[in-house]
Amino acid sequence: MRVTAKADYALRAAIELAANEGAGPIKGDAISRAQDSPLKFLENILLELRHSGLVQSQRGSEGGYWLARPAAEITVADVIRAVEGPIATVR
């Protein structure tokens, strides 16, 4: 299966947030550095993940991003759908 760069970065961001679950909000630049992804592109992806209900965010010095649900409840398909749209089912 081919995955777009956008979906790849979204999955990496979700994995980074899952790895730090319970540690409080994580700044976008920290996610960007940890996953070696472009910050501006990542911020747009995080916004899409937030609009889909997978990620929550808070602004300010104590702000950042965190998963909206427990990591065990979020699937790879959820993340891909959030940034790419519906996934076609193939038999």
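In the block above lies the structure referred to throughout.
Residue numbers here run from 1 along each chain, matching the order of that chain's written sequence. Note on the predicted model: pLDDT of at least 70 is required for a residue's local features to be given, and 80 or more for side-chain atom pairs to be given and counted; whole-chain, interface and lining totals, by contrast, use all residues. Hydrogens are left out, water is left out, and the side-chain values use all remaining heavy atoms of the structure.

Draft legend 1. Seen up close, the side chain of serine 32. Working definition: helices are DSSP H or I runs of at least four residues, strands are E runs of at least two. Numbering for both runs from the N terminus. Within the secondary structure layout, serine 32 lies in helix H2 (residues 28-35). Pairing of N or O atoms within 3.5 Å defines a polar contact, subject to two protein rules: one partner must be a possible hydrogen donor and the other a possible acceptor, and residues neighboring in sequence count only if both atoms are side-chain atoms. Separated by 2.4 Å, the side chain of serine 32 and the backbone oxygen of serine 37 make a polar contact. Pairs of residues are marked as contacts when any of their non-hydrogen atoms sit within 4.5 Å. In contact with serine 32, not counting residues within four places along its chain, are Ser37, Pro38, Leu39 and Leu42.

Draft legend 2. Summary view of the pairing of strand S1 (residues 55-58). Summarising the sheet, S1 and strand S2 (residues 64-67) pair through four bridges and their orientation is antiparallel. When the sheet's bridge partners are listed, glutamine 56 is paired in S2 with tryptophan 66. The rule for pairing is simple: two strands pair if DSSP sees at least two bridges between them. Here S1 folds back onto S2, and the loop between the two strands holds five residues, one of which, glycine 60, carries a positive phi near 105°.

Draft legend 3. Expanded view of the packing of aromatic side chains. Here is the rule: rings of Phe, Tyr and Trp (six-membered ring for Trp) pair when centre to centre is within 6.5 Å. Planes less than 30 degrees apart are stacked, more than 60 are edge-to-face, and the remainder are tilted. Evaluated as defined, the whole model comprises one aromatic pair. On the basis of an interplanar angle of 85° and a centroid distance of 5.6 Å, the ring pair of tyrosine 9 and phenylalanine 41 is categorised as edge-to-face. You can see tyrosine 9 sitting in helix H1 (residues 5-19) and its partner phenylalanine 41 sitting in helix H3 (residues 39-51), a full 32 residues away along the chain.

Draft legend 4. Representation of unusual backbone geometry. Within the chain, aspartate 36 stands out as a residue other than glycine whose phi angle is a positive 50°. Within the fold, aspartate 36 resides in the loop between H2 and H3.

Draft legend 5. Representation of the nonpolar core. What we call a nonpolar core is a set of buried Ala, Val, Leu, Ile, Met, Phe, Trp, Tyr and Cys residues that are connected through their side-chain atoms within 4.5 Å. Note on classification: 1.4 Å probe, protein chains only; a residue is buried when its accessible area is under 20% of the maximum for its type, exposed when over 50%, partly exposed between these limits. Membership of the largest hydrophobic core comes to 22 residues, with the highest contact counts inside it found for Leu17, Ile31, Leu46, Leu49, Leu54, Val55 and Val79. If you list the elements that add at least two residues to this core, you get H1, H3, S2 and helix H4 (76-84). In terms of residue count, H1 provides more of this core than any other element does, seven residues in total. In contact with valine 55, other than residues within four places in its own chain, are Leu17, Leu49, Arg50, Tyr65, Trp66, Leu67 and Ala68.

Draft legend 6. Main features of the packing of H1 against H3. With axes taken as lines fitted to C-alpha atoms, and helix axes fitted only over the stretch in contact, angles between N-to-C directions fall between 0 and 180 degrees. The interhelical angle for the contact between H1 and H3, taken along N-to-C directions, is 75°, at an axis separation of 10 Å. In terms of orientation, H1 and H3 fall into the roughly perpendicular class. Between H1 and H3, the residues in contact are Ala5, Lys6, Tyr9, Ala10, Ala13 and Leu17 and Phe41, Leu42, Ile45, Leu46, Glu48 and Leu49, respectively. Polarity classes work like this: nonpolar for Ala, Val, Leu, Ile, Met, Phe, Trp, Tyr, Cys and Pro, charged for Asp, Glu, Lys and Arg, and polar for all others, with Gly in that last group. A breakdown of the residues in the contact of H1 with H3 according to their chemical character gives 10 nonpolar, no polar and two charged. Roughly parallel means an angle under 35 degrees; roughly antiparallel means over 145; roughly perpendicular covers 65 to 115; every other angle is labelled oblique.

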